[in-house]
Amino acid sequence: MANPYENFKKIPESLVTDLTTLQYQVTQNVGTEPPFQNEYWDHKADGIYVDIVSGEPLFASIHKFDSGTGWPSFYQPINEQATQLKSDYELWIPRTEVRSRYADSHLGHVFNDGPPPTGMRYCINSAALKFIKKENLHVMGYEELTALFEDEAKK
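What you see is a predicted model, and the numbers here were worked out from it, not measured in a lab.

Criteria and thresholds
- In this convention, every chain numbers its residues from 1, walking through the sequence in written order.
- At least 70 in pLDDT is required for a residue's local features to be given in this predicted model, at least 80 for side-chain atom pairs to be given and counted, and no such filter applies to totals for whole chains, interfaces and linings, which use all residues.
- Just so you know, side-chain values use all the structure's heavy atoms and leave hydrogens and water out.
- Think of a salt bridge as a Lys or Arg side-chain nitrogen and an Asp or Glu carboxyl oxygen that are within 4 Å of each other.
- Between any two strands, pairing holds if DSSP finds at least two bridges.
- Each helix is a run of DSSP H or I of at least 4 residues and each strand a run of E of at least 2, with the numbering of both proceeding from the N terminus.
- Note on geometry: axes are lines fitted to C-alpha atoms, helical ones only across the stretch in contact, with angles between N-to-C directions running from 0 to 180 degrees.
- Burial classes follow relative accessibility: with a 1.4 Å probe on protein chains only, a residue under 20% of its type's maximum area counts as buried, one over 50% as exposed, and anything between as partly exposed.
- In this analysis, rings of Phe, Tyr and Trp, with Trp reduced to its six-membered ring, are considered paired at centre separations within 6.5 Å, and the interplanar angle assigns stacked below 30 degrees, edge-to-face beyond 60, and tilted for intermediate values.

**What about the pattern of salt bridges?**
Inference 1: Under the criterion given, the structure shown has six salt bridges.
Inference 2: Across the pair K44 and D42 runs a salt bridge, and its minimum N-O distance is 2.6 Å.
Inference 3: One salt-bridge network, in which partners are shared between bridges, spans K86, E97, R99 and D104.

**Let's talk about the sheet that holds strand β7 (residues 106-111)**
Inference 1: In space, the six strands of this open sheet follow the order β3-β4-β8-β7-β6-β5, with antiparallel pairing throughout. With one partner strand each, in any of the chains shown, β3 (64-65) and β5 (83-88) form the two edges of the open sheet.

**A look at the sheet that holds strand β9 (residues 129-133)**
Inference 1: Pairing in this open sheet of three strands is antiparallel, and the strands run β2-β1-β9 from one edge to the other. One side of each edge strand has no neighbouring strand; the edge strands of this open sheet are β2 (57-60) and β9. Averaged over all pairs of adjacent strands, the angle between strand axes in this sheet comes to 30°, irrespective of strand direction.
Inference 2: Sheet topology note: the strand β1 (residues 47-51)/β2 ladder contains three bridges and is antiparallel. Bridging from a neighbouring strand, Y49 pairs with F59 of β2.

**Overview of the pairing of β1**
Inference 1: Most of β1 sits inside the fold, with five of its five residues counted as buried.
Inference 2: In this structure, β1 lies alongside β9, joined through five bridges in antiparallel fashion. Across the sheet, V50 pairs through a bridge with K130, a residue of β9.
Inference 3: With antiparallel pairing between neighbouring strands as the criterion, β1 and β2 make up a hairpin whose turn holds five residues, including G55 at a positive phi of roughly 85°.

**Description of the packing of aromatic side chains**
Inference 1: Inspection of the entire model under this criterion finds seven aromatic pairs.
Inference 2: Between the aromatic rings of Y40 and Y49, the centroid separation amounts to 5.3 Å while the plane-to-plane angle is 80°, which identifies the pairing as edge-to-face.
Inference 3: Summarising the aromatic geometry, the rings of F59 and Y122 are spaced 5.7 Å apart at their centres and angled 55° between planes, so their arrangement reads as tilted. Here F59 is found in strand β2, whereas its partner Y122 is found in strand β8 (residues 121-124), with 63 residues between them in sequence. For the pair F59 and Y122, a shared accessibility class is recorded, and that class is buried.
Inference 4: An aromatic cluster of three or more residues is present, and its members are Y40, Y49, F59, F74, Y122 and F131.

Structure (structure tokens):
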């Protein structure tokens, strides 16, 4: 099956009009939104989180946990190939930046202080994400990801 995102082309002019100022600042200029004052930090609905720029599926609610940081946190992406990790030396300590694979959107950072089973904490900006409810996956073109929730229901 062909990957619908591999030929994604980011058009800078359209991003200025399609994204809010905060979404643009976060995804295109490596910004960070305030903790505890963002859309998904305490979001509990079942579904997936996709890149606000390209629609690439990135994270699932079944991998989300409360890290106490005020940003949405996940212990793994839906698919390791959906994200790119880059070294970030902008602060006084080195960090690992998380970017989307095809749109190259800045998403947040990953740390090795998360819960089992991975021990990772993907600390992600809500402004970089769009949420798709589990019941809307079929109509929004993400039907192949319904299996994530079917497997979870069997546990």
